[in-house]
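Here is how the chains run, residue by residue.
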Amino acid sequence: MVKNSHTNSWSLPKTMICFIVLVSLPYVFYSLILLYSSDTPNHEPVIRIHRQHSRNKVLVPTHVPSSDDTEDKTSLKHVVFGIGASSSTWEHRRNYIRTWWRPNVTRGHVWLDKPVKNSSIDHLLPPIKVSGDTSKFQYKNPIGTRDAIRISRIVSESFRLGLKDVRWFVMGDDDTVFFLDNLARVLSKYDHNEYYYIGYPSESHLQNLAFYYGMGFGGGGFAISYALAKALEKIQDECLHRNPSLYGSDERIFACMMELGVPLTKHPGFHQLDIYGDLSGILMAHPVAPILSLHHLDLIEPVFPKMDRVKAVKRLMVPMKLDSAGLIQQSICYCKTRSWTVSVSWGYAVQIYRGIIAAKEMSVPARTFIDWNFGDEDVYFSFNTRPVSTNPCQKPFVYYLSNALFNLNLNRTASEYIRHQESNSDCDWKIADPSRIKRIEVYKKPDPHLWDKVINYQPPRRNCCRILPTKKKGTMVVDVGVCREGEIAGL
């Protein structure tokens, strides 16, 4: 009994010990696995993925975000237009605005002197505002009108509307056409938080002398940064009281800018067009800068000959939609086998001249127009011009845009230019006659970043053109594009 009792007394502890050991073994096993795994390369795939991710996105914890990091690039959504208009001309001139205004994209208002009939909401036009009362201001100029006061206050009145996300206020007239994408490109290179007053003087030397070479002419349009508009709004009424004898609205804006100490930032491409006659001389030799605006469309001849003025502007908007950066940009090339000089104003016109003419001459506008004061000599203009030759052998053969298309597969535009039917007198030069050419095809790849290079402080450069072989009778084929390495953009 004693033996059995002793045996039984040990059996219970053994059982419990075995049970404890069996239960503990899994915990020990998994603990060893976890301990072991922390010292083995089991996490290498995670580290590898992290390193691959780091190659694509470099993280710098100490970096302080700049305005470039936190703000998107300036675009049309940041621009508010203030269009100075009159109730007496609105019925007609609103048709110019239709050609460039983009519903649900562009922002701004037309500012009238009083309400007009049939002024119900037209979604193809900007909404209409009536300018505030200006009777408290004196107007002492003997030849101008009081409208100059209310139009000069459009920027301040636009600012007081409290619109959100505004960076620029752009002024223009109801007979001004803007090229929106180019305008946005230009404004994007300036800081709207600084004081900027951007525009351009008149093409007329006498107009600049009568007013100021440092003034942005209002018809051609000018842009005022948000920061400057805020400062202008605070002082403008007092400024107007101090300057009752000035003539126009743009002169009043200029006077206030001078009181604020802000000079004009000149940017070519704003075209006041204080000229009469045929604009083609300027458009066929446009400066190497984006075209931004055209003014006085009621006073100059239609942009395309033998067309209604508004329809002519609409035609110009066709290539603008395909390649706005390249619109009106001049390229110069030579057909040496025929001794021809070819000048392409892309999206507008092509000219063929007999003989080899230097690029420095071809890049100077021909005087197909006269000055605002009816002068027709080079001294009347604020830029270089060259006379239109009376020699029949030196007259160009001009081909105007007929159509423009975009080939998605080739990523290039194809534009067609048809000869303008003008009688060319006989020429006795021993040079091939360009009259055989009835149409010109121009191929060009769009370069939307053309002016971005200039914005990044790289110098601008004219495109190159090359005359291509073709078997098409009566047709010249031209390729336009960025100059290749070593290629000369006009000999």
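Owing to the predicted nature of the structure, the values given are computational and were not obtained by experimental measurement.

Chemist: Would you mind showing me how to read the overall build of the chain here?
Modeler: A tally of regular secondary structure across the chain gives 14 helices and 19 strands. Looking at the 491 residues of the chain, the share that counts as buried comes to 48%. Across the chain, contacts joining residues at least 24 apart in sequence account for 67% of those joining residues at least 6 apart. Carbon and sulfur atoms provide 55% of the accessible area of the chain, an area that totals close to 26,200 Å².

Chemist: For this particular structure, what's the right way to read the nonpolar core?
Modeler: Considering soluble globular proteins, one finds that nonpolar side chains tend to be buried as a cluster. If you look at the biggest cluster of nonpolar residues, it comprises 75 residues, and the most contacted ones within it are Phe 81, Trp 100, Tyr 348 and Ile 440. What Phe 81 contacts, discounting residues up to four positions off in sequence, is Trp 100, Trp 101, Thr 106, Arg 107, Gly 108, His 109, Val 170, Phe 178, Leu 180 and Leu 183. Counting residues in each nonpolar core, the second largest holds 25 residues, with Val 80, Ile 154, Phe 169 and Phe 222 among its members.

Chemist: Explain the pattern of salt bridges here, please?
Modeler: One side chain can pair with another of opposite charge once the charged atoms of both are near each other. The final tally for this structure, using the stated rule, is 19 salt bridges. Of the charged contacts in the structure, one is a salt bridge between Arg 94 and Glu 91, with a shortest N-O distance of 3.0 Å. Taken together, the residues span about one helical turn, with Arg 94 and Glu 91 both in helix H4 (residues 90-100) at a distance of 3 residues. We classify Arg 94 as buried; its relative accessible area is 16%. A salt bridge links Glu 416 to Arg 439, with the shortest nitrogen-to-oxygen separation between them at 2.8 Å. Of this pair, Glu 416 sits in strand S16 (residues 412-419) while Arg 439 sits in strand S17 (residues 439-444), and the two are 23 residues apart along the sequence. Judged by relative accessible area, which is 22%, Glu 416 ranks as partly exposed. A network of salt bridges, in which partner residues are shared, links Arg 93, Asp 174, Asp 175 and Asp 298.

Chemist: How should the state of the cysteines be read in this particular structure?
Modeler: Going through the model one piece at a time under the given rule, you end up with 4 disulfides. Cys 239 shares a disulfide with Cys 256; S-S distance 2.2 Å. The sign of the -110° torsion about the S-S bond sets the Cys 239-Cys 256 disulfide as left-handed. Within this pair, whereas Cys 239 is found in helix H9 (residues 226-242), its partner Cys 256 is found in helix H10 (residues 249-260), the two being separated by 17 residues in sequence. Across the chain, the way the bonded cysteines pair up, counted in sequence order, is 1-2, 3-7, 4-5, 6-8. Sulfur of Cys 335: no disulfide; nearest cysteine sulfur belongs to Cys 333 and is 8.9 Å away. On the accessibility criterion, Cys 335 (10% relative accessible area) is buried.

Chemist: I keep staring at the sheet that holds strand S8 (residues 265-266) and nothing clicks. Help me out?
Modeler: Strand pairing in a sheet is mediated by backbone hydrogen bonds. Such pairs are either parallel or antiparallel. Ordered by their spatial adjacency, 7 strands build an open sheet running S3-S2-S1-S4-S7-S6-S8, and the pairing between neighbours is mixed. Edge positions in the sheet fall to strand S3 (128-130) and S8, since each of these pairs with one other strand and no more. Running over the sheet, H10 touches strand S6 (197-199) and strand S7 (222-225) and is turned about 35° from S7.

Chemist: What is the right way to look at the packing of H4 against helix H12 (residues 309-322) in this model?
Modeler: Helix packing geometry: the angle between the two helix axes and the distance between the axes. Here H4 crosses H12 at 10°, and the two axes come no closer than 9 Å. When the axes of H4 and H12 are compared, the pair comes out roughly parallel. Every residue of H12 that contacts H4 at Asn 95, Tyr 96, Thr 99 and Trp 100 is listed here: Arg 309, Val 310, Val 313, Lys 314 and Met 317. Of the residues assigned to the contact of H4 with H12, the class counts are 5 nonpolar, 2 polar and 2 charged.

Chemist: Would you mind showing me how to read the pairing of strand S15 (residues 397-407) here?
Modeler: Walk down a regular strand and you will see the side chains alternate between the two sheet faces. In this structure, strand S13 (residues 349-354) lies alongside S15, joined through 4 bridges in antiparallel fashion. Across the sheet, residue Gln 351 finds its bridge partner in S15, namely Val 398. Where S15 hands over to S16, the hairpin turn is made up of 4 residues, of which Asn 411 adopts a positive phi near 50°.

Chemist: What is the right way to look at the packing of aromatic side chains in this model?
Modeler: The description of an aromatic ring pair uses the distance of the two centres, along with the angle that the planes make with each other. Taken as a whole and assessed by the stated rule, the structure comprises 22 aromatic pairs. Their ring planes at 35° and their centres at 6.3 Å tell us that Phe 369 and Phe 383 sit as a pair that is tilted. Of this pair, Phe 369 sits in strand S14 (residues 369-371) while Phe 383 sits in the loop between S14 and S15; the two residues are 14 residues apart in sequence, bridging distant segments of the chain. With a relative accessible area of 2%, Phe 369 lands in the buried category. One aromatic cluster is present, formed by Phe 81, Trp 100, Trp 101 and Phe 178 through successive ring pairs. The cationic tip of Arg 315 hangs over the ring face of Phe 304; the distance from NZ or CZ to the ring centre is 5.7 Å. Against the face of Trp 346 rests Lys 444, its NZ or CZ located 5.5 Å from the ring centre.

Chemist: I tried to follow the sheet that holds strand S11 (residues 330-335) on my own but got confused; where do I start?
Modeler: Spatially, 8 strands are ordered S11-S12-S13-S15-S16-S17-S19-S18 in an open sheet, and the strand pairing comes out mixed. Each edge of the sheet is formed by a strand with only one pairing partner; in this case those strands are S11 and strand S18 (464-468). Averaged over neighbouring strand pairs, the angle between their axes works out to 25° when direction is ignored. Here 6 bridges tie strand S12 (residues 340-345) to S13, and the two strands are oriented antiparallel to one another. Opposite Val 342, over in S13, you have Ile 352 as the bridge partner.

Chemist: In this structure, what is going on with the environment of Val 155? I would like to understand it.
Modeler: Looking at where Val 155 falls in the secondary structure, it is placed in helix H6 (residues 154-160). With relative accessibility at 2%, the residue Val 155 sits in the buried group. C-alpha of Val 155 to C-alpha of Ile 253: the two residues are 98 residues apart in sequence and 9.4 Å apart in space.

Chemist: Can you walk me through the side chain of Gln 236 in this structure?
Modeler: Structurally, Gln 236 is set in helix H9. Only 2.5 Å separates the side chain of Gln 236 from the side chain of Ser 156, close enough to count as a polar contact. Those residues within four positions of Gln 236 in sequence are excluded, and the remaining contacts are Ser 152, Arg 153, Ser 156, Ile 253 and Cys 256.

Chemist: Is there a simple way to think about the environment of Thr 385 in this case?
Modeler: By secondary structure assignment, the location of Thr 385 is in the loop between S14 and S15. Each C-alpha atom of the pair Thr 385 and Glu 361 lies 9.4 Å from the other, and the pair is 24 residues apart in sequence. Here Thr 385 is in contact with Val 364, Pro 365, Arg 367, Phe 369 and Asp 378, once residues within four sequence places are set aside. There is a polar contact of 2.9 Å between the side chain of Thr 385 and the side chain of Arg 367.

Basis of the calculations
Residues numbered from 1 in each chain as written. Predicted model: local features only at pLDDT ≥ 70, side-chain atom pairs only at ≥ 80, totals over all residues. Heavy atoms only, no water. Helix = DSSP H or I, 4+ residues; strand = E, 2+ residues; numbered from the N terminus. Buried < 20%, exposed > 50% of the residue type's maximum accessible area, 1.4 Å probe, protein only. Contact = heavy atoms within 4.5 Å. Areas by Shrake-Rupley, 256 points an atom, 1.4 Å probe, with all protein chains shown as cover. Core = buried A, V, L, I, M, F, W, Y, C linked by side-chain atoms within 4.5 Å. Salt bridge = Lys/Arg side-chain N within 4 Å of Asp/Glu carboxyl O. Disulfide = S-S within 2.5 Å. Pairing = 2+ DSSP bridges. Axes fitted to C-alpha atoms, helices over the stretch in contact; angles between N-to-C directions. Parallel < 35°, antiparallel > 145°, perpendicular 65-115°, else oblique. Nonpolar A, V, L, I, M, F, W, Y, C, P; charged D, E, K, R; others polar. Phe/Tyr/Trp six-rings, centres within 6.5 Å; stacked < 30°, edge-to-face > 60°. Lys NZ or Arg CZ within 6 Å of the ring centre and 35° of its normal. Polar contact = N/O pair within 3.5 Å; in protein donor to acceptor, adjacent residues only side chain to side chain.

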